[in-house]
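Close look at the chain arrangement
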Amino acid sequence: MHIQVVIIGAGVTGLGLARDLALRGVSCIVVEQGDFNSGASGRNHGLLHSGSRYVSSDTEVAAECLEEADLLKKLAPQCVEETGGLFVAVEGDDETFIADFPLLCDKAGIPARALDIKDAREMEPCLSDRIIAAYEVPDATVDPFKLALQNFHQAHQNGTKLLRYHKVVGFKRNGGRLKSAHLVNTETGGAVFVEADQFVSAAGAWCGEIARMAGADMDMVYSKGSLAVTHSRLSERVINRLRKPADGDILVPGGTVSIFGTTSLRMDVPSDVRPTVREVDHLVSEGAAMIPEMETIRYIRAYAGIRPLIKSGDDGGDRSVSRGFILVDHADDGLDNFLTISGGKLTTYRLMAERTADRVCERLGVCRPCRTREEPLPTDPAWEWTEPGLAPREWIKHPDHEDPLLCECEMIPASVFDSVIGSIRAQGGSPSLKAVSLRTRMGKGACQGSFCGARVTGYLCDRGDIAGRDAHAELKRFLQERWKGERPTLWGGQLVQSELKEAIYCGLLGMET
Amino acid sequence: MPTGVKEIGCELAIIGAGIAGLSAALFAAHRGIETVLVGETGEILFASGLMDLLAVHPLEEGKTWDDPWAALTALRRDIPEHPFARTPTADVAAAFDALLAFLKNQGLPYRRRPDRNVEVPVAMGAVKRTYCTPETVWNGVRALEEKQPCLIVDFDQLRGFSARQIASTLEPRWPGLRTARLPFPGGTFSQQYAEQLAMALEAPRNRASLACDIRACLGTARSVGLPAVLGLYRTEMIFEDLQKRIGVPLFEIPILPPSVAGLRLQDAFHRGLAAKGVRLLPHHRVRGIRYEHNGHFILDITALDGEHTLNADAVALASGRFLGGGLRGDRNGVRETLLDLPVYQPKERAAWHRQDFLDPRGHPVNAAGLIIDDQFRPLGHDGQPVHERLFAAGSVLAHQNWMRSKCGVGLSVATAYAAVNAYQPIDGTRGEPGR
Ligand SMILES: Cc1cc2nc3c(=O)[nH]c(=O)nc-3n(C[C@H](O)[C@H](O)[C@H](O)COP(=O)(O)OP(=O)(O)OC[C@H]3O[C@@H](n4cnc5c(N)ncnc54)[C@H](O)[C@@H]3O)c2cc1C
Ligand SMILES: Cc1cc2nc3c(=O)[nH]c(=O)nc-3n(C[C@H](O)[C@H](O)[C@H](O)COP(=O)(O)OP(=O)(O)OC[C@H]3O[C@@H](n4cnc5c(N)ncnc54)[C@H](O)[C@@H]3O)c2cc1C
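Attention in this report is confined to the structure presented alongside it. Keep in mind that what you see is a predicted model, and the values were worked out from it rather than measured.

Here is what the cut-offs are and how they apply
- Residues numbered from 1 in each chain as written.
- Chains lettered and ligands numbered in written order.
- Predicted model: local features only at pLDDT ≥ 70, side-chain atom pairs only at ≥ 80, totals over all residues.
- Heavy atoms only, no water.
- Contact = heavy atoms within 4.5 Å.
- Buried area = accessible area lost by both parts, 1.4 Å probe.
- Salt bridge = Lys/Arg side-chain N within 4 Å of Asp/Glu carboxyl O.
- Polar contact = N/O pair within 3.5 Å; in protein donor to acceptor, adjacent residues only side chain to side chain.
- Helix = DSSP H or I, 4+ residues; strand = E, 2+ residues; numbered from the N terminus.
- Nonpolar A, V, L, I, M, F, W, Y, C, P; charged D, E, K, R; others polar.
- Disulfide = S-S within 2.5 Å.
- Buried < 20%, exposed > 50% of the residue type's maximum accessible area, 1.4 Å probe, protein only.
- Near = heavy atom within 4 Å.
- Domains from an automatic or database assignment.

As for the interface of chain B and chain A
At the interface, 48 residues of chain B touch 52 residues of chain A. Both faces considered, chain B and chain A share a buried interface measuring about 4600 Å² in area, 59% of it formed by carbon and sulfur atoms. Put simply, chain B and chain A have eight salt bridges between them. In this structure, the salt-bridge partner of Glu 295 of chain A is Arg 331 of chain B, at a minimum N-O distance of 2.2 Å. Applying the counting criterion to the chain B and chain A interface returns 29 residue pairs in polar contact (both at pLDDT 80 or more). Of all the secondary-structure elements, those providing two or more residues to the side of chain B that touches chain A are β5 (127-130), α5 (163-170), β15 (327-330) and α10 (402-405) of chain B. With four residues, α5 of chain B is the largest single contributor of residues to the side of chain B that touches chain A. Across the side of chain B that touches chain A, the residue classes break down as 19 nonpolar, 14 polar and 15 charged.

Following this line, the structure appears as structure tokens:
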């Protein structure tokens, strides 16, 4: 089969682009070095920005966010929780910034309603009594996993393929054009060459690397952001600190938990990012000013992602680098069939995909218009299980005691795993422990895989999905992945949990050898 | 005294009902010490039922030992601060002898080779090196050694236990294992929980039906491995009965927590200690400890039915680590929860844990705990015992890593023995020496 477009990167941008192109009848393949959402799309805050956060720094981005967030609420409501949001200032915060905020929102067309302090604290009882100003804005939250999966599901139904665990390591050129992408299967080491008419790099923070492989130029800035996840949900709404963007100023509800972030640390390379003890301590003390309970609540894990930021001339620190996206046409580098789409936000992924698809279609001579601006994102039931709280809701509605709960924290019965495994196979994937955990809430609750890790591994072995000789290695990888996030939050209750986990896997099973 | 407060007195108050506290109570009873044991049922519920003594040392080299006593000698030489360095071999041996004799009398016999560690097949197809196993597990040690043709059985809904996984994971070292999945006999209860399965097997009808199913798929198997659910309170009888009905040796394979092995131990201890005159306060929690002018202790205790106080001549802390509740990790340090005793620990939280969860060396925080003298008395900031008759035993002690060294039960039992023996009655009349 002739492939028209190779998309590099299965984050929300790459998968959004795959859907957009598939709906225009363009044949694509997405190539990804890991599984889907292994970059920033799987390690972000899940805030569907109303744009208010950017009114002071970038009105264009603010307007983009506002428009795209409205579209997503309409067209992909299954991925969005319309929580609403607050901006609050505490004693000592910059008065001028506070005074300017409503004016700037108004200018950007963002409805920001001033609240009485008393009302704000009634709406969100977790707020400190040292709040001095509060506004209500139309922030919401989005499940980036479900969003990515549902986007790809529709693309797949329209013929798009996804090659997971294939890393782009170079290109073959033919004069001013790329002929094929050189991939390496990261599991077997085997080489694959994929030819196509057009190549799009949607590799997020790795776009600089990919561009260099093609002989083009792109300067990226790697800004690491860490977030901490609480054991229970602290607020109904998104709560932003009403001050110039800084560390530890946004609390985002995520189903049954809250996620607090972020930090901002310049990195030299975009890989192997881990949250640290110091970052989590910093977040906790920043957060406590706005929400005192953040000092005492239990945290279950932390995680870190790399923001794909495009370097601009003046360096005013990573928080001032634009959150806008750029679409780079590498014709300037002497390449006629290579585009890079990077930067931007999760919130604006659809728009990024639309702009990129427009350009690709123009080049291919395809004149069908974009359909994602009007057409709802269909829901496939197999790809819903990343939604926090869905499995427990279903279980309470239809409890079936012959369907054992393999994961108790998130109440996921065996039948859900059956359905996810079946769907992974239908897309040509292999249902490893990692693949299954990425597509469900398994391991994301308080026990962080202590019990479900072993149980689901056993279940997969039992079904014949993974071989006995690989089972321990897969389980160890899964536990290590959890550990990276747990490590900085191990005090109080979560330290107790991790000791139990260690007692099981080392004390009892002796799996450390 | 406020109304509703009950007052109890005793010679020795043991805080903690894990394996350290329970065995301390046993040793104290043997010495004729008037003992009260206060402690919520702890992680014993999660234990495998296996009793490790010492199998890995030094952790940096991951060296495993067949002879646990030789391992102990090496460990005492290399880590002089280790609690085992304060427990002579003869005492460790005596402690084990006493414990195993006691459990046997309670109908929970254990088996070991006195001078050898053994390898046991456990859940997930892992193989665990340990020292003694419940009698019901022992045939698995033999079967594995001899690579017997063997049938592994699992049940429809018991989570985390897959015969097929065990067989295929063990394949390289134990080829030819066959598996069978059986419906669990006895009706409609929720079969996800080991405890419920174990209870069901108390009924002879269910045993007959299970034995019949197993016989049907026995083939050439010379032994049969089953998840460790063969009875809860009358395991010895149930195991024998099943073995007779099936006609070949059986063995239990330790499963993931929550397991019944812990419940069996707990039951055996509670019955046996009560019979020896130990007063058990199992659903009680010590809130605080005060010292009286005359050198006695007053323990403030919370129970379901209200507040109590307990007067004691001596106290043994067997309160465990983070999971047990004896230690607590705050963002800026590890603390002992009852008396805020000094805790040996890494300098800062960033150094508590290594980057790899399964690092064979363990995590620095594993070694955190109470520093003691040769009498097993916790030391204060001045390096002196905090109190003449305040003792500590079990996993709350510093400078050990039971999870990596494979010495969980062994360390708890040995240090409990030593701590109880260090206690000298105030007037010099009460209590016979233990050895
Ligand atoms: C800490 C943090 C918090 C954030 N919070 C928010 C928020 O609340 N709201 C919001 O709207 N946005 C947020 N963002 C931004 C948002 O997450 C990103 O803008 C968005 O996810 C980028 O998606 P992407 O698909 O472009 O890139 P990515 O998701 O990074 O995808 C790139 C993909 O390319 C793959 N890849 C890289 N190199 C290769 C190669 N050589 N071969 C094959 N594949 C390769 C990677 O594995 C990766 O899967 C946040 C970002 C961070 C880091
Ligand atoms: C999952 C798991 C598997 C294991 N597997 C093995 C194995 O295979 N082999 C092996 O040898 N060992 C194993 N062990 C270890 C062993 O069972 C013991 O946990 C360990 O030796 C520590 O025992 P301990 O009595 O010192 O502490 P714990 O068992 O933690 O007991 C502490 C007790 O103190 C009580 N307590 C604490 N504070 C108070 C207070 N203020 N008031 C009242 N009571 C209090 C707690 O409630 C608890 O009962 C395992 C443990 C676990 C958790």
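Still to come is the rest of the account.
Concerning the state of the cysteines
All names here are of chain A. Enumeration according to the criterion identifies zero disulfides over all chains in this entry. The cysteine Cys 105 is free of any disulfide, with Cys 65 supplying the nearest cysteine sulfur at 12 Å. Residue class for Cys 105 comes out buried when judged on its relative accessible area of 0%. Note on Cys 367: no disulfide assigned, nearest cysteine sulfur contributed by Cys 361 at a separation of 8.9 Å.

Brief notes about the site of ligand 1
All names here are of chain A. In the region of ligand 1, 34 residues are neighbours, and Thr 13, Glu 32, Ser 41, Leu 47 and Thr 347 sit closest. Here Gln 33 contributes a side-chain N or O atom positioned 2.9 Å from an oxygen atom of ligand 1. Elements represented by at least two residues in the shell around ligand 1 include exactly α1 (12-23), β10 (166-174), β14 (220-230) and β19 (299-310). Here the residues of the shell around ligand 1 are counted per class, giving 12 nonpolar, 17 polar and five charged. Viewed by domain, the shell around ligand 1 spans two of them, domain 1 (5-40 + 145-219 + 323-364) and domain 2 (47-142 + 221-310), each represented by three or more residues.

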